Amino acid sequence: MSEAVLKECEGKLASLKELYSGDGVPAKPDECKKLIRDLKLLFIEFPSFLSPTAKTSTRSKEVAIVRETMEHAVLLAVATKNMDDFEKHFEILRVYYTDFPDEPKSERRLLILGLHLLRLLAVNKTRAYHMELERIAVTDQDNMYIKDVVQLERYNMEGSYHKMLQARSKVPSSHYVPLMEMLLETVRREVFRCAMGAYESLSVDGARRLLMFENNDDLKKFIQAEKEARGEEMQGWDLVGEEYTFVHQTSREGTLLPFMTIINDNLKYSNELQRIV
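Residues numbered from 1 in each chain as written. Predicted model: local features only at pLDDT ≥ 70, side-chain atom pairs only at ≥ 80, totals over all residues. Heavy atoms only, no water.

To continue, consider the packing of helix α1 (residues 3-18) against helix α2 (residues 29-43). Running from amino to carboxyl end, α1 crosses α2 at an angle of 160°, the nearest separation of the two axes being 10 Å. Here α1 lies roughly antiparallel to α2, going by the angle between them. In this structure, the crossing between α1 and α2 has a hand that is left-handed. From α1, V5, E8, C9, K12, L13, S15 and L16 reach across to α2, where they touch C32, L35, I36, D38, L39, L42 and F43. The residue inventory of the contact of α1 with α2, partitioned by class, reads 10 nonpolar, 1 polar and 3 charged. (Axes fitted to C-alpha atoms, helices over the stretch in contact; angles between N-to-C directions. Helix = DSSP H or I, 4+ residues; strand = E, 2+ residues; numbered from the N terminus. Parallel < 35°, antiparallel > 145°, perpendicular 65-115°, else oblique. Left-handed = near helix turned anticlockwise from the far one by under 90°. Contact = heavy atoms within 4.5 Å. Nonpolar A, V, L, I, M, F, W, Y, C, P; charged D, E, K, R; others polar.)

Okay, the confidence of the model for the protein chain next. This prediction gives the protein chain a mean pLDDT of 87; 87% of its residues lie at or above 70. Per-element confidence in the protein chain is highest for helix α6 (residues 109-122), whose mean pLDDT is 97, and lowest for helix α13 (residues 259-276), whose mean pLDDT is 50. Low pLDDT, under 50, characterises residues 250-257; the stretch is placed with 6 contacts to residues that sit more than four places away or in other chains. Low pLDDT, under 50, characterises residues 273-277; the stretch is placed with 4 contacts to residues that sit more than four places away or in other chains. (pLDDT = per-residue confidence, 0-100.)

Here the focus is the packing of aromatic side chains. Applying the stated criterion across every chain yields a total of 10 aromatic pairs. Ring centres of Y96 and F100 lie 4.8 Å apart, and the angle between their planes is 15°; this geometry places the pair in the stacked category. With relative accessibility at 4%, the residue F100 sits in the buried group. Note on F192 and W237: the rings are 4.9 Å apart at their centroids and 10° apart in plane angle, and the pair reads as stacked. Here F192, found in helix α10 (residues 176-195), pairs with W237, found in the loop between α12 (216-230) and β2 (238-240); they are 45 residues apart in sequence, far enough to count as distant. Looking at F192, the relative accessible area reads 0%, which means it is buried. Within the aromatic cluster, the residues linked to one another by ring pairs are F192, F213, F222, W237, Y244 and F246. The ring of F213 carries R188 above its face, with NZ or CZ at 4.0 Å from the centroid. (Phe/Tyr/Trp six-rings, centres within 6.5 Å; stacked < 30°, edge-to-face > 60°. Buried < 20%, exposed > 50% of the residue type's maximum accessible area, 1.4 Å probe, protein only. Lys NZ or Arg CZ within 6 Å of the ring centre and 35° of its normal.)

This is the structure in structure tokens:
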């Protein structure tokens, strides 16, 4: 590999980093994407990029440049909520975090791992979340970037949604905010779905608190959007006066289980499955 290629990569990486603000948030996403794309094309000429075991005089520089570029790509994916790009770039990063033990660890490693865990929760991949958590060293799990996500998952499993709302304002990094928003939307949709089978009616105020909204206007917009997305299969959440009503298929006993009973039974079942797995 020529020295010119290495210098070109260093220059483009420097330009990329300049596009990120003081807290690491990309200010110009389109320009960032172009620089990342250009860098990835140049990385093909790095011996260590195609073969992690390759020993060259520029190995350490190659590793540092690729790793830092992929980290910025992950942060860009978070900011733009592009989970496909996140997964693609994280899988490249995973190699640089695990297959180069002789190189110094990245200062962003635990931040990126924490974002990865939070992403899995946000897209409702709970089993994958637990598998990834087991890959992280116990000593690293005490780090704020990891333990805060673990606590969020516990709140979710317990149904302590008000604590999840409170946690949104106490995230360890501003990078967590977009994924926290996605996680809350995922939880809302699940609660929205479960409520249709758990209630005969629900006051507007009760629905607002259940779905974790601060005002009724946001609640109504969310319900309307969900009803439109589900189309003809959607039954329930009809506003009659000051209450939302639901349509049920009556069971043989003609009774409905309380909402929290359903939630608790599902949590117990989930926990049992995790122990078996």
